[in-house]
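In case you want the letters, here they are:
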Amino acid sequence: MITLYGIEWSRAKYVLFTLTELDLDFKHVRINPFEEEKNAPEYLKLNPLAQVPTLVDGDLVLTEAMAINFYLARKYGNGKLWANRLEDEAQIYKWSLFALTQLEASCVDLILHRKVFAAKDRNPDIAQAAEKKLAKPLEVLNNHLAGKDFLAAGKFTVADINMAGVLSYARGGEFDFSPYRNVVRYLDAVLSRPACRKAGIV
Ligand SMILES: N[C@@H](CCC(=O)N[C@@H](CS)C(=O)NCC(=O)O)C(=O)O
């Protein structure tokens, strides 16, 4: 039995999207990372950082949303969401790590400082700095997506789930994607997949 810990608006959304794409049965424990429940001793045994998401599958306890997605795609995908050629696998890792290291922190800053934090805790300078930092990597992403529907392997893979999950934070944080037309087209398509909607991701 698979159990996913983490409420849907957290990074658990990356994993919910994958579980739903693969039509897997799972138990969903909606731990809210802003509530004390993340510090419950039983949960800390699974995730000593008191963060979400965490996935438990039999004896395996796995943290880090993108690592969980790689695992699910390889274990349960039967060819879906993954690639056959090593070169394509490398591109799945590359674009997932690009999302994680070049984009995620800024995307999260945008939503935190424009939507999630109480007005008194928002810092417009942080949001503005995040917008600036996104410009270069988004241009690279936009160029990569010219004439393409997917990031890697010529098909929909976990790289697209990971990327769309990250970018959805910037969209929620009112980032103006309009200069990046290929990114807009791509993101709209990925986020309107039935599995994404069913997983409750916005
Ligand atoms: N690198 C981790 C980050 C996990 C993370 O920071 N999750 C946030 C929610 S989206 C959290 O649990 N924050 C609470 C905290 O850090 O105390 C991953 O991608 O899974």
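The structure under discussion appears in the preceding block.
Residues numbered from 1 in each chain as written. Predicted model: local features only at pLDDT ≥ 70, side-chain atom pairs only at ≥ 80, totals over all residues.

Peer 1: Outline the sheet that holds strand β2 (residues 26-29), listing residues and values.
Peer 2: The strands making up a sheet associate through backbone hydrogen bonding, with each pair oriented either parallel or antiparallel. Read from one edge to the other, the open sheet built from four strands follows the order β2-β1-β3-β4, with strand pairing classed as mixed. Two strands close off the open sheet at either side, each with one partner strand: β2 and β4 (60-63). Averaged over all pairs of adjacent strands, the angle between their axes in this sheet comes to 15 degrees, without regard to strand direction. For strand β1 (residues 2-5) and β2, the ladder comprises four bridges, and the chain directions are parallel. When the sheet's bridge partners are listed, tyrosine 5 is paired in β2 with valine 29. In the packing of helix α1 (residues 12-21) onto the sheet, the strands contacted are β1, β2 and β3 (54-57), and the crossing angle to β1 comes to about 150 degrees. (Pairing = 2+ DSSP bridges. Helix = DSSP H or I, 4+ residues; strand = E, 2+ residues; numbered from the N terminus. Axes fitted to C-alpha atoms, helices over the stretch in contact; angles between N-to-C directions. Contact = placed C-beta atoms within 7 Å.)

Peer 1: Please set out the site of the ligand residue by residue, giving values where relevant.
Peer 2: In the vicinity of the ligand, the contacting residues are Ser10, Arg11, Pro33, Ala50, Gln51, Val52, Pro53, Glu64 and Ala65. Looking at the shell around the ligand residue by residue, the classes come out as five nonpolar, two polar and two charged. (Near = placed C-beta within 6 Å. Nonpolar A, V, L, I, M, F, W, Y, C, P; charged D, E, K, R; others polar.)

Peer 1: Could you give an account of the pairing of β3, naming the residues involved and the relevant values?
Peer 2: As paired strands, β1 and β3 are joined by four bridges and run antiparallel to one another. Bridge pairing in β3 places tyrosine 5 opposite threonine 54. In the sheet, β3 pairs with β4 via four bridges, with the strands oriented antiparallel. Residue pairing across strands places valine 56 opposite valine 61, the latter belonging to β4. Adjacent in sequence and paired antiparallel, β3 and β4 are bridged by two residues, among which glycine 58 carries a positive phi angle near 65 degrees.

Peer 1: Before we move on, can you summarise the environment of aspartate 188 with the specific residues and values?
Peer 2: Tracing the chain through its elements places aspartate 188 in helix α7 (residues 181-191). You can call aspartate 188 exposed: it has 12 C-beta atoms within 10 Å. Sequence separation between aspartate 188 and leucine 141 is 47 residues, and the spatial gap between their C-alpha atoms is 15 Å. (Buried ≥ 20, exposed ≤ 12 C-beta atoms within 10 Å, placed from the backbone.)

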